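# Coordinate inspection notes
Listed here are the chains, written in short residue letters.
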Amino acid sequence: MDGLFDLAHTGIMAALGRVLSRMDGDVYRGADDEAEEGLKMAIRKSVAREDKQLSPHFRLVEFRCRGSECAGLFPEYISPALVILLEKLRSRFNAPLRIQSGFRCKAHNKEVGGSANSRHMHGDGADIRIHGIQPSMVANAAEELVGDTGGVGRYARRFTHVDVRGSKARWAA
Ligand SMILES: [Zn+2]
Ligand SMILES: [Zn+2]
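Worth saying up front: this structure is predicted, and the values here are computed from it rather than measured.

## Remarks on helix α3 (residues 80-93)
In a regular helix each residue adds 1.5 Å, so 14 residues correspond to 20 Å; α3 covers 20 Å between its end C-alpha atoms and thus fits that length. For α3, the set of buried residues is Leu82, Val83, Leu85, Leu86 and Leu89. Along α3, the residues classed as buried sweep out an arc of 160° about the axis, all on the same side. Among the exposed residues of α3, those pointing more than 90 degrees away from its buried face are Pro80 and Ser91. In this fold, the buried residues of α3 make contact with β3 (53-55), β4 (58-59), β5 (97-101), β6 (125-130), α5 (135-146) and β8 (159-163). One or two steps after α3, the chain reaches Asn94, where phi turns positive at roughly 50°.

## Topic: the pairing of β8
Across the five residues of β8, five count as buried, placing the element largely inside the fold. Of the two faces of β8, the one carrying Phe159, His161 and Asp163 and the one carrying Thr160 and Val162 are both buried. Pairing of β6 with β8 involves four bridges; the strand directions are antiparallel. Along β8, the bridge assignment pairs Ile128 with Thr160. Pairing analysis gives five bridges linking strand β7 (residues 151-155) to β8, with the strands arranged antiparallel. Along β8, the bridge assignment pairs Arg154 with Thr160.

Rules behind the numbers
- Residues numbered from 1 in each chain as written.
- Chains lettered and ligands numbered in written order.
- Predicted model: local features only at pLDDT ≥ 70, side-chain atom pairs only at ≥ 80, totals over all residues.
- Helix = DSSP H or I, 4+ residues; strand = E, 2+ residues; numbered from the N terminus.
- Expected span 1.5 Å × (residues − 1).
- Buried ≥ 20, exposed ≤ 12 C-beta atoms within 10 Å, placed from the backbone.
- Arc of directions from axis to C-beta.
- Contact = placed C-beta atoms within 7 Å.
- Pairing = 2+ DSSP bridges.

Next comes the structure, spelled out in structure tokens:
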């Protein structure tokens, strides 16, 4: 966690530095859109840094982007239905559930070869593993729980994708 924090903190300092470099004495000469945007983004990240407990077993930090370029961007939105689904899966197997990939920013989604409209970018999909449980068993349970209202992707023995897109989707990779 310290490493991630340092990365985000570095981002804030860099954005602040860009804004400060445009100051002449105490006068802000402003109007550097890129620096302004960078600062806004950094502040949004630091505010979102409040590690909200979303449900009994899941915290917001577990959904943050795993990309390095965005310094672990926090999602602005996570679907409550997704969190409920994860709680149900966790309780079905009574074992810790690890979110390998929750929210993805556009750049990271591209980097990992996600589909153009990946549910990961919308905060309603996640790639998961449940400790000690075969991914195929997790997928079976997820299919039963989401029915026609969500997606389940089977990634062999590696992980299971689940989402609550509102319609049925199934695939294996
Ligand atoms: Zn990212
Ligand atoms: Zn996925």
